[in-house]
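This is what each chain is made of:
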Amino acid sequence: DLEIDSYEERIYINKLISYVKSFEQENWKVDDFFKSYRHLLPQGSSSYKLIETPGDYKKESEWLKIFKNADKFFYSMGISLDSWRTTKGFEGVLYAKQKEGCDIRLLFVHEENSLLKNFIKADNDKDYYNKVCKEITYNFKYFSDLKKQYGNIQLRKIRDYIPHCFITQTDKEGVSVQCT
C-alpha cells in the first residue's frame, strides 16, 4: 500500500525501481502472458491489444457479440458482473447458449470478502461499499434464479482473493480489463 507516510519519502517507489533495474540487468525474461490464447488469433496474426476501459474495447452492444459468438464456453469474472446483467439482450443469449450446451461460468466477489472494502477504495465512503455489496447480492441472486430456471450455468463467489480485472473468455475471444 503506497498510501502511507513513507510514500512521500519514496521508500517503496525507490525499492520498486531498484527491483525493475535488477531484472533488466539480469536480462530477465517472462513467458508470453498471452501464449495460451495465441491459437485463438486469426491465422498469421500475433498481435494483441491492451485497452484501458471496457468502453475503449467495444460499445456495450458489441460486448454481447462476444457471448453470441461463443460455441463451447463463456466464462466471466468480476466484482458484481453488473455490466452483463444490465446489457440489453444478455438474458436471451444466456438462455440460448446454455440450451445449445455452451459451458457458462460466472465468478463474483463475495460480499464478505475481507479485501473488498479496501479494493474498491471505500474506506471513507461506507455508502459506496454498501452499494457494491448490495449489487453483488442482487446480481448473484438474479443469476441464481436464471440458473434454477435454465439449468446449465455455474456460479461461484470468491472469498479470499480480489480479481484485479474483469475477464470474459470464450472459445473464440478473451478480454481482460483492469479494475481501477
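Now for a look at the structure at hand. (Residues numbered from 1 in each chain as written. Predicted model: local features only at pLDDT ≥ 70, side-chain atom pairs only at ≥ 80, totals over all residues. Heavy atoms only, no water.)

**Examining the sheet that holds strand β3 (residues 153-158)**
Paired through backbone hydrogen bonds, the strands of a sheet run either parallel or antiparallel to each other. The condition is simple: Two strands qualify as a pair provided DSSP detects at least 2 bridges between them. The helix and strand labels rest on DSSP assignments: H or I over at least four residues marks a helix, E over at least two residues marks a strand, and numbering proceeds from the N terminus. A fitted line through C-alpha atoms serves as each axis, taken over the contacting stretch for helices, and the angle formed by two N-to-C directions is quoted from 0 to 180°.
Strand order in the open sheet formed by 5 strands is β3-β2-β1-β4-β5, with mixed pairing between adjacent strands. Each edge of the open sheet is held by one strand with a lone partner, namely β3 and β5 (174-178). Between one strand axis and the next, the sheet turns through 5° on average, direction left out of account. When strand β1 (residues 73-77) meets strand β4 (residues 165-170), the two strands line up antiparallel, connected through 4 bridges.

**Looking at helix α5 (residues 90-99)**
Which entries qualify depends on this criterion: The rule is simple: take the accessible area with a 1.4 Å probe, protein chains only, and divide by the maximum for that residue type; under 20% is buried, over 50% is exposed, in between is partly exposed. Working definition: the arc comes from the directions between the helix axis and the C-beta atoms, pointing outward to the latter.
When we look at burial in α5, the residues that qualify are F90, V93, L94, K97 and Q98. For α5, the arc enclosing every buried residue in end-on projection is 125°, short of the 170-degree limit, so these residues lie on one face. Backbone geometry just downstream of α5 places G101 in the positive-phi region, at approximately 95°.

**Description of unusual backbone geometry**
For L81, which is not glycine, the phi torsion reads 55° and is therefore positive. The residue L81 is located in the loop between β1 and α4 (82-85) in this model.

**Some points on the nonpolar core**
Selection rule: For the purposes of this section, nonpolar cores are sets of buried Ala, Val, Leu, Ile, Met, Phe, Trp, Tyr and Cys residues that join through side-chain atoms within 4.5 Å. By the convention used here, residues are in contact when the closest approach between their heavy atoms is within 4.5 Å.
By size, the foremost hydrophobic cluster in this structure holds 25 residues, and its most contacted members are F74, W84, F90, L94, L106, F143 and I153. Of all the secondary-structure elements, those providing two or more residues to this core are α3 (60-68), α5, β2 (103-109), α7 (126-150), β3 and β5. For this core, the leading source of residues is α7, giving 5 residues. Beyond its immediate chain neighbours, meaning those up to four positions away, F143 contacts L81, W84, R85, F90, L94, L106, F108 and L155.

**Observations concerning the packing of aromatic side chains**
As a reminder, the rule being used: Put simply, two rings from Phe, Tyr or Trp (the six-membered ring, in Trp's case) pair if the centres are within 6.5 Å, and we call them stacked under 30 degrees between planes, edge-to-face over 60, tilted for the rest. Whether a charge sits over a ring comes down to the Lys NZ or Arg CZ being within 6 Å of the ring centre and within 35 degrees of the ring normal.
Scanning the model with the defined rule gives 11 aromatic pairs in all. Relative to Y75, the ring of F73 has its centre 4.6 Å away and its plane inclined at 25°; by these criteria the two rings are stacked. Residue classification places F73 among the buried positions, given a relative accessible area of 18%. When the ring of F74 is compared with that of F90, the centres are 6.2 Å apart and the planes differ by 55°; the resulting orientation is tilted. With F74 in strand β1 and F90 in helix α5, the pair connects residues that are 16 residues apart, well separated along the chain. One exposure class covers both F74 and F90, and it is buried. What links up through ring pairs into an aromatic cluster is the set F67, F74, W84, F90, F108, F140, Y142 and F143. Its guanidinium or amino end placed over the ring of Y129, K117 lies 5.5 Å from that ring's centre, counting from NZ or CZ. In this arrangement the basic side chain of K157 is found over the ring face of F140, its NZ or CZ atom lying 4.4 Å from the centre.

**A few points about a nonpolar patch on the surface**
Put simply, the rule is: Residues form patches when they are more than 30% accessible in relative terms and have no salt bridge. Like charges link within 9 Å. Nonpolar side chains (Val, Leu, Ile, Met, Phe, Trp, Tyr) link within 5 Å. For accessible areas, the Shrake-Rupley method is used with a probe of radius 1.4 Å. Any residue's cover is judged against the shown protein chains and nothing else. When a carboxyl oxygen of Asp or Glu lies within 4 Å of a side-chain nitrogen of Lys or Arg, that pair is called a salt bridge.
A contiguous nonpolar surface patch, about 520 Å² in accessible area, is contributed by L16, Y19, V20, F23 and W28. Position of L16 among the secondary structure elements: in helix α1 (residues 11-25). For L16, a relative accessible area of 53% puts it in the exposed group.

**Considerations on the side chain of D103**
Put simply, the test is: Pairs of N or O atoms are called polar contacts if they sit within 3.5 Å, as long as, within protein, a hydrogen donor faces a hydrogen acceptor (for residues adjacent in sequence, only side-chain-to-side-chain pairs).
Tracing the chain through its elements places D103 in strand β2. At 2.9 Å, the side chain of D103 and the side chain of Y75 are in polar contact. Of note is the side chain of D103, whose polar atom sits 3.0 Å from the side chain of R105.

**A word on the pattern of salt bridges**
Counting across every chain of the model gives 7 salt bridges. Of the charged contacts, one joins D82 and R85 as a salt bridge, the two residues approaching to 2.7 Å between their closest N and O atoms. Pair noted here: D82 and R85 are both in helix α4, with a separation of 3 residues, about one helical turn. Taking relative accessible area as the criterion, D82 reaches 19% and is therefore assigned buried.

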